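Spelled out, the chains give:
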Amino acid sequence: MGGFAIAPDDDLPLASGTVLLVGPDEPRFWAVFSTSAQYRDGLADPLDRWSRAALEPIARAFGGHALYPFGGPPYHPFHTWALRTGRSWASPIGFLVHDQAGLFASYRGALVLPWAMDLTTAERPCDTCPDQPCKTACPVNAFANGYDVDACKTYLRSAAGTDCMTRGCAARSACPVGQGRRQPAQDAFHMEAFL
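Here we summarise the structure given alongside this text. All of these numbers come straight from a predicted model, not from anything done at the bench. (Residues numbered from 1 in each chain as written. Predicted model: local features only at pLDDT ≥ 70, side-chain atom pairs only at ≥ 80, totals over all residues. Heavy atoms only, no water.)

Glancing now at helix α5 (residues 149-157). Among the residues making up α5, those that are buried are Cys 152, Tyr 155 and Leu 156. The arc enclosing the buried residues of α5, seen along the axis, measures out at 100°, which places them on a common side. Among the exposed residues of α5, those pointing more than 90 degrees away from its buried face are Asp 150, Thr 154 and Arg 157. (Buried < 20%, exposed > 50% of the residue type's maximum accessible area, 1.4 Å probe, protein only. Helix = DSSP H or I, 4+ residues; strand = E, 2+ residues; numbered from the N terminus. Arc of directions from axis to C-beta.)

Here it is, written out as structure tokens:
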């Protein structure tokens with residue numbers, strides 16, 4: 001999902017090297033996760049547990065560390081880190097938008113590695129999106145003045161909110177970038193976790 005060079009004041013387990021942000025390889029991700037032991041065992045936080053199981057061995061193999069956006073406080077600044085990659089930006093509705101994942105940007109962890117890497121950046125897709133459909137796709141206009149989380153959750157709990165609960169957030173889904181990345185079962189899983 002991108003990365004950045006470690007700066008001296010980053011307060012990371014390594015003083016130099018690279019931080020790589022890791023997210024789901026969609027649409028292939030859901031088939032892997034939904035057949036995992038963590039998803040099927042019925043215990044709490046299956047995606048967080050799966051993320052640890054997937055990233056810890058990689059970090060160890062490369063002499064690095066794995067950090068996560070969950071498990072705090074304190075929490076690591078994943079939002080700030082995403083902006084530092086040059087591949088994620090604030091969207092018109094305030095959520096992060098990624099150059100390939102669109103509004104489905106999701107960070108499951110970060111690999112802190114002990115060497116420098118050449119990293120690519122991209123152009124903010126919203127700058128060339130003429131209609132910016134994310135701004136008007138929400139059925140309850142929850143993004144009119146910031147993000148009205150209460151209005152969103154109230155709608156999701158209603159019968160009218162079934163479509164968003166089963167097919168995912170209408171505003172995120174309206175983004176032309178990242179279309180077709182998510183499986184409907186994955187959207188439903190994430191919406192249930194959000195609610």
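This part is about helix α3 (residues 46-61). For α3, with 16 residues, the first-to-last C-alpha span of 23 Å sits near the 22 Å given by 1.5 Å per residue. Bending of α3 peaks at approximately 25° at the position of Leu 55, with proline Pro 57 no more than four residues after it. Every buried residue belonging to α3 is among Pro 46, Leu 47, Trp 50, Ser 51, Leu 55 and Ala 59, and all of these are buried. Elements that come into contact with the buried residues of α3 comprise β2 (18-22), α1 (28-33), α2 (37-40), β3 (65-67), β6 (109-113) and α8 (184-194). Gly 63 sits one or two residues past α3 and shows a positive phi near 70°. (Expected span 1.5 Å × (residues − 1). Bend = angle between axes of the 7 residues up to and from the residue. Contact = heavy atoms within 4.5 Å.)

This part takes up the side chain of Ser 88. On the secondary structure map, Ser 88 appears in strand β4 (residues 88-90). Residue classification places Ser 88 among the buried positions, given a relative accessible area of 1%. Among the polar contacts made by the side chain of Ser 88, one reaches the side chain of Tyr 107 at a distance of 2.5 Å. For Ser 88, the contacting residues outside a window of four places in its chain are Ala 82, Leu 83, Val 97, His 98 and Tyr 107. (Polar contact = N/O pair within 3.5 Å; in protein donor to acceptor, adjacent residues only side chain to side chain.)

So, about the side chain of Ser 106. Mapped onto the elements, Ser 106 comes out in the loop between β5 (96-98) and β6. Looking at Ser 106, the relative accessible area reads 12%, which means it is buried. Beyond its immediate chain neighbours, meaning those up to four positions away, Ser 106 contacts Met 1, Val 22, Gly 23, Pro 24 and Arg 182.

The next thing to look at is the sheet that holds β2. What the 4 strands build is an open sheet, ordered β1-β2-β6-β3; its pairing is antiparallel. Where the open sheet ends on each side, the last strands, each with one partner, are β1 (3-5) and β3. Across the sheet, the mean angle from the axis of one strand to that of its neighbour is 20°, orientation sign disregarded. Strand direction decides the pairing type here: β3 and β6, joined by 3 bridges, are antiparallel. Residue pairing in the sheet places Ala 66 in a bridge with Leu 111 of β6. (Pairing = 2+ DSSP bridges. Axes fitted to C-alpha atoms, helices over the stretch in contact; angles between N-to-C directions.)

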